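Fold and contact review
Listed here are the chains, written in short residue letters.
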Amino acid sequence: CLGHATVIGDDWTRLYGTCVKTDQDGDQILVTWGDVKEQWSIVGGTGKYKGITGTGTTGKFDSLQDRPDGWTGVGHETIRWEIR
């Protein structure tokens, strides 16, 4: 995932980005997010996910490791989707 955040104090006021989620078969879902905290949109997919659309929210995020080039963690997500 690649994102950009505006943080003032402890408040993440703006957060924009994209993420490619890949399953064990190599099929992918493209997700974007921006301006609405913890909400994102599914904008496309490949393979079995071709034609997918939807929305989701990220709830609790467990940070696993801070690194010089960013951080890693696990986001607990709620997803609503359909494939047309």
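In what follows, the accompanying structure is described. (Residues numbered from 1 in each chain as written. Predicted model: local features only at pLDDT ≥ 70, side-chain atom pairs only at ≥ 80, totals over all residues. Heavy atoms only, no water.)

Here we take up the pairing of strand β5 (residues 52–67). Across four bridges, the pairing between strand β4 (residues 39–45) and β5 is antiparallel. Bridging from a neighbouring strand, W40 pairs with G56 of β5. The loop that links β4 with its antiparallel partner β5 comprises six residues; one of these, G47, has a positive phi angle of about 60°. (Pairing = 2+ DSSP bridges. Helix = DSSP H or I, 4+ residues; strand = E, 2+ residues; numbered from the N terminus.)

What follows is about the pattern of salt bridges. Applying the stated criterion across every chain, the model contains five salt bridges. The closest approach of N and O atoms between E77 and K21, which form a salt bridge, is 2.9 Å. One end of the pair, E77, is in strand β6 (residues 70–83); the other, K21, is in strand β2 (residues 11–22), and 56 residues separate them in sequence. Judged by its relative accessible area of 35%, E77 is partly exposed. Salt bridges sharing common partners tie together D23, D25, D27 and K48. (Salt bridge = Lys/Arg side-chain N within 4 Å of Asp/Glu carboxyl O. Buried < 20%, exposed > 50% of the residue type's maximum accessible area, 1.4 Å probe, protein only.)

Below, the discussion takes up a nonpolar patch on the surface. Residues V20, L30 and V43 make up a contiguous nonpolar surface patch of about 230 Å² in total accessible area. Its place among the elements puts V43 in strand β4. Owing to a relative accessible area of 46%, V43 belongs among the partly exposed residues under this scheme. (Patch = residues over 30% accessible without salt bridge, like charges linked within 9 Å, V, L, I, M, F, W, Y side chains within 5 Å. Areas by Shrake-Rupley, 256 points an atom, 1.4 Å probe, with all protein chains shown as cover.)

A few words on the environment of R80. For R80, the location among the structural elements is in strand β6. A relative accessible area of 65% means that R80 is categorised as exposed. Separated by 27 residues in the primary sequence, R80 and T53 have C-alpha atoms spaced 8.6 Å apart. Setting aside residues no more than four positions away along its own chain, R80 makes contact with T53, G54 and T55. (Contact = heavy atoms within 4.5 Å.)

Moving on, we come to the nonpolar core. Counting residues in hydrophobic clusters, the biggest one holds seven residues: C19, I29, V31, W40, I42, Y49 and I52. Broken down by secondary-structure element, the contributors of at least two residues to this core are β3 (28–34) and β4. When near neighbours in sequence (up to four residues on either side) are disregarded, I29 contacts C19, V20, K21, I42, G44, G45, Y49 and I52. (Core = buried A, V, L, I, M, F, W, Y, C linked by side-chain atoms within 4.5 Å.)

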